[in-house]
Amino acid sequence: MRTRRASSFAAAALAAIGVLTAGGAAGTADAPVAAEGWQGLLGSRPLPQLGGRWVVVLRAPSLADRVRRAGGSATELQMRSWTATARAAQRRAIAGLWSRGAPVDPEQSYVRVLNGFAAAVDPMLLPALERDPAVVGVYPVRAAYPAAVPSAALDTEAFGPQSGRRVEVGIPGTDGSGVTVALLDTGVDTRHPFLQGRLLPGIDVLDADGDPAAEPNPTEPGRPERHATGLAGLVVGIRGPAGLRGVAPGASLLPIRVAGWQPSADGSVSTYGRTDQVLAGLEAAVDPNDDGDAHDAARIALVGVVEPFASFPDGPLARAGRGALALGTLVVAPAGNDGPAGPGYGSVSAPAGTSGVLGVAASDSRGRSPTVHILLRAGLRVLASGQTALGGAVGPDDLVAAPVVALARRQIVEVTGGNALDRLFDGRGYSRVAGAAVLLPSGPTTPEAVRELAAAGARAVLVDGPIPAGSLGVDEPVEVPIVGVSAAAASEVRSALVDGVPVELAVGAAAFGANPELGAVASFSSTGLALDGGLGSEVAAPGVGLVTAVPGRNEGGAARYGTLSGSSAAAAVVAGSAALLAEARPDLDAAGLRGALVATARRGVGGTDPGLIDAAAASSVELIADPPVAALGALVDARRQTTGRVTLRNVSRRVLVVNLRPGARAAGVAVRTKPSRVVLRPGGKRDVEVSVTARVRPAAPGALEGALRAVVGPGTRLRIPWAAAVPVTRPPVITRLVLSKRRFAPSDRTPAVLRLVAGRVDGSAERPQLLPLVRLEIVLYRGQRRLGTLVRLRDVLPGRYALGITGRGPRGARLRPGAYELRVLGVPVGGGRATMVRVPFRLT
């Protein structure tokens, strides 16, 4: 179940406009063998309107920086003073930008979790902003999407095995009382009885004069924002039908609306947020009353939306996650729903894959699930055959056979955004899919999309990529069978149809039996390493078919309930567990909560999947690591040794003598720690260096993973996972670079266009491995004289980019006629080999 990045951003060049163009054409094969095929990976999310916004991070310290320097604590007066100082420094920096010819008008200001602002910036000003001494860096604003698939309403009078899964997580004697959980997501149904008495007055980042209630679709008023209501129910739901409740029904929930109905690039509306809005939500979570004092910070901040594939270690969301941790707020975030990737740099979203944030994968906790037998043929050739998961709860009673048609990406509109599928009917009103099995484009699949196809006469639905059994329509049976096929089989189907070869799908009668994926990470959950080399998901939790609240009322006026599947549903379970732990162990700070939950997660023997959350075990933890996972440097070129550092913390009331041992590791890998033995007094801590040496460098792309064991004595053992990426380093990270005109006159209206492919996607179609850029620079030379940097883009995802070359210099002045050279530099994540490409041109 893969998805396509829809969060395009403006890229500046030579004081002109920049345009991001997606690679590939709609309806083409999806094998991500190169970065220009990236859109095949990233699915069919709605294209947002980002308005040329950028986040500018300043050098002036934030409140979190000052608290960190003070040793982690401060008085109310100190915090207010430091916040005021940070705000004053920001105003001075902005005034300085204006005086130096870079006028900016901030839409969002951040002074607590980081010091910076977000603004719509003329691309001509980006080089000046990057050069300014007050600026650390300028980062693109991208879209942040809800990371779960909601379903339709449940019959609340009959909860059965096919009606979704109840969450069974808890700590005896606790319900989260006295703990505040901030929920950064869409609007919430504040009148839902499942949430009554648990909601605090919230904050609406999208509308300063509004409230965090779920807003209706402006083009279809009967469809409110629904994602956050489901997450809220999983965290704090209380007094539901048949005893249904959330994980922490005694906790208080602070709703912060950072996503909702917003304009899409195609003129419609879709449900999404922007990363600048998520940053504003984190600012509010650590200081809800906006008085500059973070002592009222929420103990937990659940971020329900994700920035796909963008777990950059120094991006704004990463900085904000670390800042929130310093101010006492544990940020819990979903890993994303973009499917398997890695084992190197994978499909993990931000903020989950960043240091300071607890990233969560979805696991399948259902004991039973539906399956069917399928036969997929192109002519006489069998493309897929055998038993497979049924996406809906109910399948056919008898054999269903139908010809296959493939929908191109342009034929499908994101239904979760509130729009129905279009182009399913021709100009005369005849269905294009009647009587057929429809192969959907790669990307998120929803029950609503399937119902639209069923209404248009489709007999079956094929999803490009695996789906968990029963994850679509587990509550309200969809009338057609839904099955997933591998990306390779889907590609063969499309190729056969293009060649005129008939393709047919046969689906047998459904069976409902033992779930073979019980306890495993769900097939849709994002995997692989984060871009800092750490594990993208540190823990897992149930995230398939969880019963929770749905906004609105049924026809009879009763409250609605349904199921939720996705990594954000799993993150809600973990956020609730963290609230229980915060009540049980008030001595643990935000980093302590994170370390305890990771340290006690239950892992399979020899497995590399993240461990399943165990809140009860976390409540008795004595020793934790900070961070709980050691992210080691990448093994690039011929390098075979890498190091990292963790801090051991004694969170018990007794002296701990800790012996460090290598633990699980691959053959031929040596692991050493310095020191190998530490003595920790109650509340004490000690830094430990971790060194990993591979006798033979592993094949690239890939990763090395293992775990240390910190042993105190009988009953006290701490597992500390470690990981190191092994990226491909020899191929260039800047390719297919073409300048449309090598000889031209300066022009702002008809610039020359520089096209290039930045970054790479290595690995296979089934398990892609990403290599984004931490920096893309274009420097202008005349002969051997460096004239300056024209463009510096940070945190660049793999893809095709087009940049306008107007003939202006770094400071905006028109260049004189003559010969010039562009030097294009791409620096990959992980410290690998940079690529430099020279492009000569002449101005007339």
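Student: Explain the overall build of the protein chain here, please?
Tutor: Counting its secondary structure elements, the protein chain contains 12 helices and 49 strands. Counting across all 844 residues of the protein chain, residues that qualify as buried make up 61%. In the protein chain, the share of contacts with a sequence separation of at least 24, taken over all contacts with a separation of at least 6, comes to 76%. For the protein chain, the computed accessible surface area is about 30200 Å², with 50% contributed by carbon and sulfur atoms.

Student: Looking at this structure, I do not really get the environment of Gly-611. What am I missing?
Tutor: Position of Gly-611 relative to the elements: it lies in strand E30 (residues 611–612). Its relative accessible area of 0% is what places Gly-611 among the buried residues. The spatial distance from the C-alpha of Gly-611 to the C-alpha of Val-360 is 9.8 Å, given a sequence separation of 251 residues. When neighbours within four sequence positions are excluded, Gly-611 is seen to be in contact with Glu-538, Val-539, Ala-540, Ala-601, Arg-602 and Arg-603.

Student: It is not clear to me how the sheet that holds strand E38 (residues 702–713) should be interpreted in this structure. Could you clarify?
Tutor: Strand pairing in a sheet is mediated by backbone hydrogen bonds. Such pairs are either parallel or antiparallel. Taken in spatial order, the five strands of this open sheet run E32-E39-E38-E34-E36, and their pairing is mixed. Every other strand in the sheet has two partners, leaving strand E32 (630–631) and strand E36 (677–680) as the edge strands with one partner each. As defined by bridge partners, E38 adjoins strand E39 (residues 716–726) across 11 bridges and the pair is classed as antiparallel. By the bridge assignment, Val-711 is partnered in E39 with Arg-717.

Student: I tried to follow the environment of Leu-780 on my own but got confused; where do I start?
Tutor: Looking at where Leu-780 falls in the secondary structure, it is placed in strand E45 (residues 773–782). C-alpha separation for the pair Leu-780 and Pro-810, spaced 30 residues apart in sequence, amounts to 7.8 Å. The residues touching Leu-780, leaving out its near neighbours within four places in the chain, are Arg-785, Arg-786, Leu-787, Gly-788, Leu-790, Gly-809, Pro-810, Leu-815, Tyr-820, Glu-821, Leu-822 and Phe-841.

Student: Could you clarify how one ought to interpret the side chain of Gln-769 in this entry?
Tutor: Counting through the fold element by element, Gln-769 comes out in strand E44 (residues 768–771). At 3.1 Å, the side chain of Gln-769 and the backbone oxygen of Pro-701 are in polar contact. When residues no more than four places from it in sequence are discounted, the contact partners of Gln-769 are Gly-342, Pro-343, Gly-344, Tyr-345, Pro-701, Gly-702, Arg-760, Val-761, Asp-762 and Gly-763.

Student: For this particular structure, what's the right way to read the pairing of E45?
Tutor: Looking down a regular strand, the side chains alternate between one sheet face and the other. With respect to burial, E45 is a largely interior element, seven of its 10 residues being buried. Counted along the chain from E45 to the antiparallel partner strand E46 (residues 785–796), the turn is two residues long, and its residue Gly-783 has a positive phi close to 65°. In terms of strand pairing, E45 meets strand E48 (residues 818–828) through eight bridges, oriented antiparallel. Residue pairing across strands places Glu-777 opposite Leu-825, the latter belonging to E48.

Student: How do you make sense of the packing of helix H5 (residues 227–236) against helix H10 (residues 567–584) when you look at a structure like this?
Tutor: To describe two helices that pack against each other, one gives the angle between their axes and the distance between the axes. Orientation of H5 relative to H10, taken along the N-to-C sense of each, is 35°, at an axis distance of 8 Å. Considering only the axes of H5 and H10, their crossing is right-handed. Residues His-227, Leu-231, Leu-234 and Val-235 of H5 form the contact with H10, whose own contacting residues are Ser-568, Ala-569, Ala-572 and Gly-576. Considering only residue class, the contact of H5 with H10 consists of five nonpolar, three polar and no charged.

Student: Sorry, what's going on with the nonpolar core here?
Tutor: In globular proteins that are soluble, nonpolar side chains generally tend to be buried together. Residues Leu-129, Leu-330, Leu-754, Leu-756 and Leu-822 are the most contacted members of the largest nonpolar core, which totals 121 residues. Formed by 45 residues, the second largest nonpolar core is a distinct cluster that contains Leu-114, Ile-256, Val-303 and Val-357.

Student: Just to check I follow, could you spell out unusual backbone geometry for this structure?
Tutor: Residues other than glycine predominantly adopt negative phi, and peptide bonds predominantly adopt the trans conformation. Residues Ala-350 and Pro-351 are joined by a peptide bond in cis, for which omega reads 5°. Looking at where Pro-351 falls in the secondary structure, it is placed in the loop between strand E17 (330–334) and strand E18 (357–363). Following Lys-674, the chain continues into Pro-675 via a peptide bond in cis, with omega recorded as 0°. By secondary structure assignment, the location of Pro-675 is in the loop between strand E35 (669–674) and E36. Although it is not a glycine, Asp-290 adopts a positive phi angle of roughly 60°. Here Asp-290 shows up in the loop between helix H6 (275–286) and strand E15 (300–303). With a phi close to 65°, Phe-309 is a non-glycine residue in the positive phi region. Mapped onto the elements of the fold, Phe-309 is located in the loop between strand E16 (305–306) and helix H7 (316–326).

Student: Is there a simple way to think about the sheet that holds strand E9 (residues 203–204) in this case?
Tutor: If you walk across this open sheet you meet the eight strands as E9-E12-E8-E15-E17-E18-E27-E30, and the pairing is parallel. The sheet is open, and its two borders are formed by E9 and E30, each paired with just one other strand. Where strand E8 (residues 180–185) meets strand E12 (residues 252–257), six bridges bridge the pair, whose relative direction is parallel. Note on E12: the bridge partner recorded for Leu-183 is Pro-255. Against the sheet, helix H11 (residues 590–599) contacts E15, E17, E18 and strand E27 (539–542), and its axis sits at roughly 30° relative to E18.

Student: What should I look at first to understand the pairing of strand E19 (residues 368–378) in this one?
Tutor: Note: E19 against strand E26 (residues 511–514), four bridges, orientation antiparallel. What sits directly across from Arg-368, in E26, is Ala-514. As paired elements, E19 and strand E20 (residues 381–389) share eight bridges and run antiparallel to each other. The residue of E20 that forms the bridge with Arg-377 is Val-382. Remark: two residues form the turn of the hairpin made by E19 and E20, two consecutive strands paired antiparallel; Gly-379 in that turn has positive phi of roughly 65°. Note: E19 against strand E25 (residues 503–507), five bridges, orientation antiparallel. The partner of Leu-375 across the bridge, within E25, is Ala-506.

Student: Please explain the packing of aromatic side chains as it appears in this structure.
Tutor: By convention here, two paired aromatic rings are described through the distance between centres and the angle between planes. Following the criterion strictly, the structure yields three aromatic pairs and no others. Measuring from centroid to centroid gives 5.6 Å for Phe-744 and Phe-841, while their planes differ by 15°, and the two rings are stacked. Placement of the pair is Phe-744 in strand E41 (residues 743–744) and Phe-841 in strand E49 (residues 835–843), with a sequence separation of 97 residues. The same class applies to Phe-744 as to Phe-841, namely buried.

Student: Explain H7 to me, please; I cannot follow it from the model alone.
Tutor: Helical geometry: 3.6 residues make up each α-helical turn, so side chains three or four residues apart lie on a common side. In terms of burial, H7 is largely enclosed, as nine of its 11 residues are buried. Pro-316, Leu-317, Ala-318, Ala-320, Gly-321, Gly-323, Ala-324, Leu-325 and Ala-326 are the residues of H7 that are buried. Of the residues one or two after H7, Gly-328 is the one with positive phi, at around 95°.

Student: Which parts of the structure should I look at to understand the packing of H10 against H11?
Tutor: Between H10 and H11, the least distance of the axes is 10 Å, while the angle of their chain directions is 115°. Taken together, the axes of H10 and H11 are roughly perpendicular relative to one another. Regarding H10 and H11, the two cross each other, and that crossing is right-handed. Here Ala-578, Leu-581 and Ala-582 of H10 lie close against H11, whose contacting residues are Leu-593, Ala-596 and Leu-597. When grouped by side-chain class, the residues that make up the contact of H10 with H11 number six nonpolar, no polar and no charged.

Student: Is there a simple way to explain the confidence of the model for the protein chain in this structure?
Tutor: Low pLDDT means the predicted coordinates in that region are not meant to be read closely. Averaged over every residue, the pLDDT of the protein chain is 85; residues scoring 70 or more account for 86%. Predicted confidence for residues 1–43 stays below pLDDT 50, and this span has 166 contacts to residues more than four positions away or in other chains. Note on residues 410–421: pLDDT is under 50 here. Beyond four places in sequence and across chains, it has 47 contacts.

Student: Please explain helix H9 (residues 487–498) as it appears in this structure.
Tutor: Here H9 spans 17 Å end to end across 12 residues, near enough to the 16 Å set by a 1.5 Å rise per residue. When we look at burial in H9, the residues that qualify are Ala-487, Ala-489, Ala-490, Ser-491, Val-493, Arg-494 and Ala-496. Residue Gly-500 follows H9 closely and has a positive phi angle near 80°.

Student: Looking at this structure, how should I read a negative patch on the surface?
Tutor: A cluster of like negative charges, contributed by Asp-207, Asp-209, Asp-211 and Glu-215, occupies part of the molecular surface. By relative accessible area, which is 42% here, Asp-211 ends up partly exposed.

Student: Help me understand the pattern of salt bridges, please; the structure alone is not making it clear to me.
Tutor: When the charged atoms of two side chains with opposite charge come close together, those side chains can pair. A full pass over the atoms with the stated rule returns 31 salt bridges. The salt bridge partner of Glu-538 is Arg-594, with a shortest N-O separation of 2.7 Å. Here Glu-538, found in the loop between E26 and E27, pairs with Arg-594, found in helix H11; they are 56 residues apart in sequence, far enough to count as distant. Taking the relative accessible area as the measure of exposure, Glu-538 reaches 6% and is therefore buried. The closest approach of N and O atoms between Arg-602 and Asp-614, which form a salt bridge, is 3.4 Å. Of the two residues, Arg-602 sits in the loop between H11 and E30 while Asp-614 sits in the loop between E30 and helix H12 (615–618), which places them 12 residues apart along the sequence. Judged by its relative accessible area of 45%, Arg-602 is partly exposed. Using a relative accessible area of 19% as the deciding quantity, one classes Asp-614 as buried. Taken together, the shared-partner salt bridges connect Glu-130, Arg-775, Glu-777, Arg-792 and Arg-794 into one network.

Scoring rules and cut-offs
- Numbering of residues begins from 1 in every chain and follows the order in which that chain's sequence is written.
- Restriction of local features to residues with pLDDT of at least 70 applies here, the model being predicted, together with a cutoff of 80 or more for giving and counting side-chain atom pairs; totals for whole chains, interfaces and linings are based on all residues.
- Processing note: side-chain calculations cover all non-hydrogen atoms of the structure and skip hydrogens and water entirely.
- Numbering of helices and strands runs from the N terminus; a helix is a DSSP stretch of H or I covering at least four residues, while a strand is a stretch of E covering at least two.
- Under the scheme applied here, a residue whose accessible area is under 20% of the maximum for its type counts as buried, over 50% as exposed, and between as partly exposed, the area being computed with a 1.4 Å probe on protein chains only.
- Residue contacts are defined here by distance: any two heavy atoms, one from each residue, within 4.5 Å place the two residues in contact.
- In these tables, accessible area is a Shrake-Rupley quantity obtained with a 1.4 Å probe, and a residue counts as shielded only by the protein chains included in the view.
- In short, DSSP must find at least two bridges between two strands for them to pair.
- Polar contact is defined as a pair of N or O atoms within 3.5 Å, subject to the rule that within protein one atom must be able to donate a hydrogen and the other to accept it, and that residues adjacent in sequence are counted only when both atoms are side-chain atoms.
- For helices, the fitted line uses only the C-alpha atoms of the stretch in contact; every axis is such a line through C-alpha atoms, and the angle between N-to-C directions lies from 0 to 180 degrees.
- Note on convention: near helix rotated counterclockwise from far helix by under a right angle means a left-handed crossing. Clockwise means right-handed.
- Under the scheme applied, nonpolar residues are Ala, Val, Leu, Ile, Met, Phe, Trp, Tyr, Cys and Pro; charged residues are Asp, Glu, Lys and Arg; polar residues are all the others, including Gly.
- For this analysis, a nonpolar core means a set of buried residues of the types Ala, Val, Leu, Ile, Met, Phe, Trp, Tyr and Cys, connected via side-chain atoms within 4.5 Å.
- Working definition: rings of Phe, Tyr and Trp (its six-membered ring) pair if their centres are within 6.5 Å, and the pair is stacked with planes under 30 degrees apart, edge-to-face with planes over 60 apart, and tilted otherwise.
- Put simply, angles under 35 degrees are roughly parallel, angles over 145 are roughly antiparallel, angles from 65 to 115 are roughly perpendicular, and the rest are oblique.
- The predictor's confidence in any single residue is recorded as pLDDT, a number from 0 to 100.
- Helix span, as expected, comes to 1.5 Å for every residue beyond the first.
- Like charges are joined within 9 Å and nonpolar side chains (Val, Leu, Ile, Met, Phe, Trp, Tyr) within 5 Å, but only among residues with over 30% relative accessible area and no salt bridge; these make up the patches.
- In the sections that follow, a salt bridge refers to a side-chain nitrogen of Lys or Arg positioned within 4 Å of a carboxyl oxygen of Asp or Glu.
- Counting rule for charge: Lys and Arg are taken as positive, Asp and Glu as negative, and neither His nor the chain ends is counted.
- We put the charge of a Lys on NZ, of an Arg on CZ, of an Asp on CG and of a Glu on CD.

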